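Listed here are the chains, written in short residue letters.
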Amino acid sequence: MSASGIQALEHRVGEEVAVSPWIEITQERVDTFAKAIDDFQWIHVDRERAQKSPFGGTIAHGFLTLSLLSHLSERTFAYADRKMGVNYGLNRVRFTSPVPSGSRVRARFTLAKYEKIEGNGVQVTWNTVVEIEGKDKPALVAEWIGRHYY
């Protein structure tokens, strides 16, 4: 998305506004995330054991996929007038399909709500879908809320 102002979104409620670039979910990324949150479940980090699982290999943590929303958003949107943006939360999250290590994901952002808030800002609610390249079923669907100040 071009570097237009955050206020340009006001009339785009209900529209898919942007699609992020693809990013690879490497095993190194999964291992680093496991270390960061102390979650070493074998389906994420034990390559040999995971080969024999129903997944056929290691998979990303659901919370890793969710945490990538900020990164995917920053790689997708540029707001010329934004001074600060904050993650305000989520109303709904579903992990709908495992993300195999080595696969690529991207996010689709549909604007569900645009609300003016105090402090010269707006609150935007995105219906976000994280897709896995080559798969019909998404990895994650979320209603994600951000606040932006200009």
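Look up a bit, the structure's there.
The structure contained in this document is the topic of the report that follows. (Residues numbered from 1 in each chain as written. Predicted model: local features only at pLDDT ≥ 70, side-chain atom pairs only at ≥ 80, totals over all residues. Heavy atoms only, no water.)

### Things to note about the overall build of the protein
Across its full length, the protein carries four helices and six strands. Starting at the N terminus and ending at the C terminus, the protein contains elements arranged as β-β-α-α-α-α-β-β-β-β. Overall size of the protein, expressed as C-alpha extent along the three principal axes, is 50 × 30 × 25 Å. Out of the 150 residues belonging to the protein, those deemed buried represent 40%. For the protein, long-range pairs separated by at least 24 residues make up 70% of all intrachain contacts whose partners lie at least 6 apart in sequence. Carbon and sulfur atoms provide 47% of the accessible area of the protein, an area that totals close to 8200 Å². (Helix = DSSP H or I, 4+ residues; strand = E, 2+ residues; numbered from the N terminus. Buried < 20%, exposed > 50% of the residue type's maximum accessible area, 1.4 Å probe, protein only. Contact = heavy atoms within 4.5 Å. Areas by Shrake-Rupley, 256 points an atom, 1.4 Å probe, with all protein chains shown as cover.)

### Concerning the environment of Asn-87
Among the structural elements, Asn-87 can be located in strand 3 (residues 84-95). Here Asn-87 falls in the exposed class, since its relative accessible area comes to 52%. For the pair Asn-87 and Ile-145, spaced 58 residues apart in sequence, the C-alpha separation works out to 6.6 Å. Each residue touching Asn-87, except ones within four places of it in the same chain, is listed here: Ser-70, Trp-144 and Ile-145. Of the polar contacts made by the side chain of Asn-87, one reaches the backbone nitrogen of Gly-89; its length is 3.3 Å. Here Trp-144 takes part through its side chain, which lies 2.9 Å from a polar atom of the side chain of Asn-87. (Polar contact = N/O pair within 3.5 Å; in protein donor to acceptor, adjacent residues only side chain to side chain.)

### Remarks on the side chain of Ser-73
Mapped onto the elements, Ser-73 comes out in helix 4 (residues 62-76). Since its relative accessible area comes to 14%, Ser-73 is described here as buried. Apart from the residues lying within four places of it in its own chain, the contact partners of Ser-73 are Phe-109 and Trp-144.

### Let's talk about the pairing of strand 6 (residues 140-149)
Strand 6 sits mainly inside the fold: eight of its 10 residues count as buried. Summarising the sheet, strand 3 and strand 6 pair through 10 bridges and their orientation is antiparallel. The residue of strand 6 that forms the bridge with Met-84 is Tyr-149. Where strand 5 (residues 121-132) meets strand 6, 10 bridges bridge the pair, whose relative direction is antiparallel. Each residue of the ladder has a partner; that of Trp-126, found in strand 6, is Trp-144. (Pairing = 2+ DSSP bridges.)

### What to know about the nonpolar core
Counting residues in hydrophobic clusters, the biggest one holds 32 residues, and the most contacted among them are Leu-9, Ile-25 and Trp-126. Among the elements of the structure, strand 1 (16-19), helix 1 (27-37), helix 4, strand 4 (104-117), strand 5 and strand 6 are those that each provide at least two residues to this core. Here Ile-25 is in contact with Val-30, Ala-60, Leu-64, Leu-68, Val-99, Pro-100, Ser-101, Gly-102, Ser-103 and Val-105, once residues within four sequence places are set aside. (Core = buried A, V, L, I, M, F, W, Y, C linked by side-chain atoms within 4.5 Å.)

### As for the packing of aromatic side chains
This structure, assessed with the given rule, holds six aromatic pairs. Between Phe-77 and Phe-109, the aromatic rings sit 5.2 Å apart at their centres with planes inclined by 65°, giving edge-to-face as the arrangement. Note that Phe-77 is positioned in the loop between helix 4 and strand 3 and Phe-109 in strand 4, a separation of 32 residues in sequence. As far as burial versus exposure is concerned, Phe-77 and Phe-109 are alike and both buried. Connected via pairs of aromatic rings, a cluster forms that spans Phe-77, Tyr-79, Phe-109, Trp-126 and Trp-144. (Phe/Tyr/Trp six-rings, centres within 6.5 Å; stacked < 30°, edge-to-face > 60°.)

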